Number of protein chains: 2
Amino acid sequence: MGRVQILSRMRNGNSISLIQYLSFSLTSRRRLLPLSVNRYSMASIDKMKDPLRVGKAIRAQFENDIPRDLPLEKDFREGTSYTITSHVNELHAQLCPDKRTLEIFTSLVNHLHAFAREVRPSHSEWEKAVEYLTRAGKESTEFKNELVLLSDCLGLSALIDELEHPKPEGCTDSCEPGPFYTKEFPEIPSGSSLAKEGTIGEPMYFSATIKNTKGEPIKGAKVEVWQADGDGIYDVQYPNRTEANDRARIIAEQDGTVNYRGKLPTAYPIPDDGPIGDFLKALGRHPHRSAHIHFRLTAPGYDDLTTALYPSHSPFLGTDPVFATKKSLVSDVAEVKDSSKWTEMGFGKDEVTTGRVWHWKYDFVLASEEEVEALQKKIASSSKS
Amino acid sequence: MGRVQILSRMRNGNSISLIQYLSFSLTSRRRLLPLSVNRYSMASIDKMKDPLRVGKAIRAQFENDIPRDLPLEKDFREGTSYTITSHVNELHAQLCPDKRTLEIFTSLVNHLHAFAREVRPSHSEWEKAVEYLTRAGKESTEFKNELVLLSDCLGLSALIDELEHPKPEGCTDSCEPGPFYTKEFPEIPSGSSLAKEGTIGEPMYFSATIKNTKGEPIKGAKVEVWQADGDGIYDVQYPNRTEANDRARIIAEQDGTVNYRGKLPTAYPIPDDGPIGDFLKALGRHPHRSAHIHFRLTAPGYDDLTTALYPSHSPFLGTDPVFATKKSLVSDVAEVKDSSKWTEMGFGKDEVTTGRVWHWKYDFVLASEEEVEALQKKIASSSKS
């Protein structure tokens, strides 16, 4: 009886104080619900108020709130047509006041129970899951949410993003912004430097076009860009940071181009000092993300695009812990050794000391709002049929 | 872009300290894994160690551990035959070192993703789920685990118990022990009093038989019994508790009977001052459990039985928040007004001041270990076919 032992261990031999245990019932008075009162005969309410049947803690709540009760009509049993899954869903169908809530929890109960029937977890496996989630909640901070990381590392975040922001054929794929997005994006002219003097890394020139699905340039598109430096570290991770670095807002030129000078970013890990590190280790996975640059593109009439680009030279492209790396977002970054090209890119005479500049090019394609709406309608109708 | 806003809000404008973020990589040195090293050509390892490609935090981990990497060969996309679900499961199939772990997470990913596709959660619904689980972890204490309560209130705990402890036809159903089990069970003779003097509640006489599926009495069966008093409160909830009350171990007599004098228990709520209270409210459910008595029965050669009995006069039988109330465990409790019967039950002359004793009878049937083993084999073979 593992369960008994654990619950006993949870109590740890101490007494639960009456005050601790009952405080909620004395403080959580609820609004009067005349509808639910009307559902009952007085006999039924009297039964609930009978001190022979119902203890102090419940009766204290009855002043303002008569709960909805139902008779126990059928026994649920595995292997019959009326299982606990039917029982839970039937209860929710009768009691849940909100259609969407009912839809979500009916589906959740079905899939959660189907999962349990498929893997038949032992009590100690169930206990591990409870401990993992408890720890994940406790170890989450303002800077790192372990439940977000779990959702990311199970591919759930990427799936929900894809379901909510479907991309029409030919448009740039999206991926999640990650934790280093801030609201602080100083605006810089296209072609200028993203990296402040002294930023670590080899010189890089990034140049992109922003077009719609018809191939027309989207002038004036706003591009928020943020990236790690050559050590794989974001500005906000430096304790002595005084201003934004390696992040800016750039407005696309008349021809839909956006360029900037900066440093070639490198790969870095997601924080794996908490439960998510144990999760990844158990699955034989590492926490390392390929080098990348984050972008958020917005333009009137177009669907917002949050995405990231990855250089083909980076390791970890096929083992992204958060499943944000898509093939369509990977491109070759060229090594430019011709110093006359460096001048064209806007680098000063002494700025390139490594004998090369890394040239990263990409052509973004934005979907119009109408295109996304049409696609969502199409998906919704096909998922209903 | 709700996600961006939230993650931005999570950061709250402050900087993540480099020390905070990198500390894990500097402290979590791992054991040498020669197998994984051998999986790579030196070229591949060199690529991972190249400071142009890989940042400081990752390289710091490489001294003792070369992670397993895979190429990105296919793009995953909703509505195609290779979705993110295939992508995650393929990665796990290639990397996960443990068969059972792979089995559990493949099933989890399949069902979690199927759930997401079915309900298509909005970003803000996803955010609510993350916040709920984070809060559930943070608000769990030594005395109350909100993740256990969530598992209970979704019917998952009861389902796992039923899958792990299937009961052959005719045997008493099990249910979970709940949080008031302790290791402290003073042994008392059958027929004596469970309740110390001064315990709140109307007098009750409980009498049971313990038999096997052939109808033979199981003499010497150990019965641990624990219950709330007439106010719906357990001994451990009283702050001035000095010794065990309303809980004891009773050994079954030669004829398999077990009796005790005590107080009629009443209904009480599960603690709903935390997230689980919001969960129940959203679903139109209340936190109240019917009156009941807990039992744990053990006897050599028989499968342990943890269960509880419910009086038919109690409300909330059909709306148990933790789905532990089964019809087969509900029975009528008789009102005995004949004072000569009270004496037979062992009550003293002045002990019954209410003009009645409540008589609660039940016949427990224990499954033998062989019967349970045979049933588990049968279920396992039918679930494989």
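Residues numbered from 1 in each chain as written. Chains lettered and ligands numbered in written order. Predicted model: local features only at pLDDT ≥ 70, side-chain atom pairs only at ≥ 80, totals over all residues. Heavy atoms only, no water.

Chain A carries the name Aromatic compound dioxygenase in an unreviewed UniProt entry, which gives Pyrrhoderma noxium as its organism. What UniProt records for chain A under Sequence similarities (unreviewed entry) is the sentence "Belongs to the intradiol ring-cleavage dioxygenase family." (UniProt positions renumbered as here; feature names shortened; annotations may be inferred.)

What follows deals with the domain arrangement of chain A. As assigned here, chain A comprises domain 1 (74-119) and domain 2 (151-381). Computed from C-alpha atoms alone, the centre-to-centre distance between domain 1 of chain A and domain 2 of chain A is 43 Å. (Domains from an automatic or database assignment.)

Let us now look at the sheet that holds strand 8 (residues 305-311) of chain A. Residues and elements named next belong to chain A. Pairing within the open sheet is mixed, and its five strands lie in the order 3-2-7-8-9. At either margin of the open sheet sits one strand with a lone partner, and together these are strand 3 (247-251) and strand 9 (330-331). Where strand 2 (residues 222-227) and strand 7 (residues 293-298) come together, six bridges link them in antiparallel fashion. Each residue of the ladder has a partner; that of Val223, found in strand 7, is Leu297. (Pairing = 2+ DSSP bridges. Helix = DSSP H or I, 4+ residues; strand = E, 2+ residues; numbered from the N terminus.)

It is worth spelling out the packing of helix 8 (residues 123-139) of chain B against helix 11 (residues 275-282) of chain B at this point. All names here are of chain B. As a packed pair, helix 8 and helix 11 sit with axes 9 Å apart at the nearest point and diverge in direction by 140°. Classified by the interaxial angle, the pair formed by helix 8 and helix 11 is oblique. Seen from helix 8, the contacting residues are Tyr132, Arg135, Ala136 and Glu139; seen from helix 11, they are Pro275, Ile276, Asp278 and Phe279. Grouping the amino acids of the contact of helix 8 with helix 11 by side-chain chemistry returns five nonpolar, no polar and three charged. (Axes fitted to C-alpha atoms, helices over the stretch in contact; angles between N-to-C directions. Parallel < 35°, antiparallel > 145°, perpendicular 65-115°, else oblique. Contact = heavy atoms within 4.5 Å. Nonpolar A, V, L, I, M, F, W, Y, C, P; charged D, E, K, R; others polar.)

Least-squares fitting of chain A to chain B yields an RMSD of 0.0 Å, with the superposition described by an axial translation of 0.0 Å and a rotation of 180°. The superposition operator between the copies reduces to a two-fold rotation axis. The rotation axis passes nearest to the C-alpha of Gly137 of chain A in chain A, at a distance of 2.0 Å. Same-surface contact between copies: 100% of interface residues of chain A are shared with the interface of chain B. (Least-squares fit on C-alpha atoms with pLDDT ≥ 70 in both.)

Our focus in this paragraph is the sheet that holds strand 11 (residues 357-366) of chain B. Residues and elements named next belong to chain B. A sheet is described by the order of its strands in space; here four strands give the open sequence 4-1-11-10, paired in mixed fashion. Looking at strand neighbours, the two that pair on one side only are strand 4 (257-263) and strand 10 (333-336), the edges of this open sheet. This sheet shows a mean twist of 25° between the axes of neighbouring strands, independent of strand direction. Relative to strand 4, strand 1 (residues 203-212) runs antiparallel, the two sharing seven bridges.

Residue and element names in this part refer to chain A. Inspection of every chain in the model, using the stated rule, returns 24 aromatic pairs over all chains. Aromatic ring contacts, followed pair by pair, group Phe206, Tyr260, Phe295, Trp360, Tyr362 and Phe364 into a single cluster. Taking the ring centre of Phe185 as reference, the NZ or CZ of Arg247 above it sits at 5.8 Å. Above the plane of the ring of Phe347 lies Arg261, whose end atom (NZ or CZ) is 5.8 Å from the centre. (Phe/Tyr/Trp six-rings, centres within 6.5 Å; stacked < 30°, edge-to-face > 60°. Lys NZ or Arg CZ within 6 Å of the ring centre and 35° of its normal.)

So, on to the UniProt feature "domain: Intradiol ring-cleavage dioxygenases" (unreviewed entry) in chain A. UniProt feature "domain: Intradiol ring-cleavage dioxygenases" (unreviewed entry): in the numbering of this structure it lies at residues 178-366 of chain A. The straight-line gap between the two end C-alpha atoms of residues 178-366 of chain A is 21 Å; of that span, 8% is helix and 32% is strand.

Before going further, it helps to spend a moment on the pattern of salt bridges. With the rule as written, the count across this model stands at 46 salt bridges over all chains. Linking Arg249 of chain A and Glu224 of chain A is a salt bridge whose minimum nitrogen-to-oxygen distance equals 3.2 Å. Linking Arg249 of chain A in strand 3 with Glu224 of chain A in strand 2, this pair joins segments that are 25 residues apart in sequence. The exposure classification of Arg249 of chain A matches that of Glu224 of chain A, with both residues buried. One salt bridge in this structure joins Asp231 of chain A and Lys56 of chain B, with 3.7 Å as the shortest N-O distance. Remark: Lys56 of chain B occurs in helix 5 (residues 56-61) and Asp231 of chain A occurs in the loop between strand 2 and strand 3; the pair is interchain, linking two chains. (Salt bridge = Lys/Arg side-chain N within 4 Å of Asp/Glu carboxyl O. Buried < 20%, exposed > 50% of the residue type's maximum accessible area, 1.4 Å probe, protein only.)

On the side of chain B, 159 residues touch chain A, which itself brings 159 residues to the contact. Across the chain A/chain B interface, buried area totals approximately 14,900 Å², and carbon plus sulfur atoms make up 64% of it. Linking chain A with chain B are six salt bridges. Here Glu125 of chain A and Arg100 of chain B are joined by a salt bridge, their closest N and O atoms 2.8 Å apart. Our count for the contact surface shared by chain A and chain B stands at 53 residue pairs in polar contact (both at pLDDT 80 or more). The element that contributes the greatest number of residues to the side of chain A that touches chain B is helix 7 (residues 99-119) of chain A, accounting for 17 residues. Taken together, the residues that form the side of chain A that touches chain B break down as 75 nonpolar, 42 polar and 42 charged. (Buried area = accessible area lost by both parts, 1.4 Å probe. Polar contact = N/O pair within 3.5 Å; in protein donor to acceptor, adjacent residues only side chain to side chain.)

This next bit is on the confidence of the model for chain A. Per-chain confidence: chain A averages 87 in pLDDT, with 88% of residues scoring 70 or above. Taken together, the stretch residues 1-41 of chain A has pLDDT below 50 and engages in 100 contacts with residues farther than four places along the chain or on a different chain. (pLDDT = per-residue confidence, 0-100.)

Here we take up the environment of Val223 of chain B. All names here are of chain B. Mapped onto the elements of the fold, Val223 is located in strand 2 (residues 222-227). Take Val223: its relative accessible area is 2%, and that puts it in the buried class. On a C-alpha basis, the gap between Val223 and Ser381 in space is 33 Å, while along the polypeptide they are 158 residues apart. Those residues in contact with Val223, other than ones at most four positions away along the chain, are Ile210, Ala248, Arg249, Ile250, Val258, Phe295, Arg296 and Leu297.

In this section: the side chain of Asn245 of chain A. All names here are of chain A. Counting through the fold element by element, Asn245 comes out in the loop between strand 2 and strand 3. The class for Asn245 is buried, based on a relative accessible area of 15%. A polar side-chain atom of Asn245 sits 2.7 Å from the main-chain amide nitrogen of Lys196. Side-chain polar atoms of Asn245 contact the side chain of Thr199, separated by 2.9 Å. In this view, Asn245 contacts Leu194, Ala195, Lys196, Thr199 and Asp235; residues no more than four positions away in its chain are not counted.

Looking now at the UniProt feature "domain: Catechol dioxygenase N-terminal" (unreviewed entry) in chain A. Under the UniProt annotation, the feature "domain: Catechol dioxygenase N-terminal" (unreviewed entry) is placed at residues 98-171 of chain A. Across residues 98-171 of chain A one finds 74% helix and 0% strand; the C-alpha atoms that close the span lie 37 Å apart.

Looking now at the pairing of strand 7 (residues 293-298) of chain B. Along a regular strand, successive side chains alternate from one face of the sheet to the other. Residue and element names in this part refer to chain B. Of all six residues making up strand 7, five are buried, and the element is well covered by its neighbours. Relative to strand 8 (residues 305-311), strand 7 runs antiparallel, the two sharing five bridges. Directly across from Ile293, in strand 8, lies its bridge partner Leu309. Hairpin connection between strand 7 and strand 8: a loop of six residues separates the two successive antiparallel strands, and Gly301 in this loop has a positive phi of roughly 90°.

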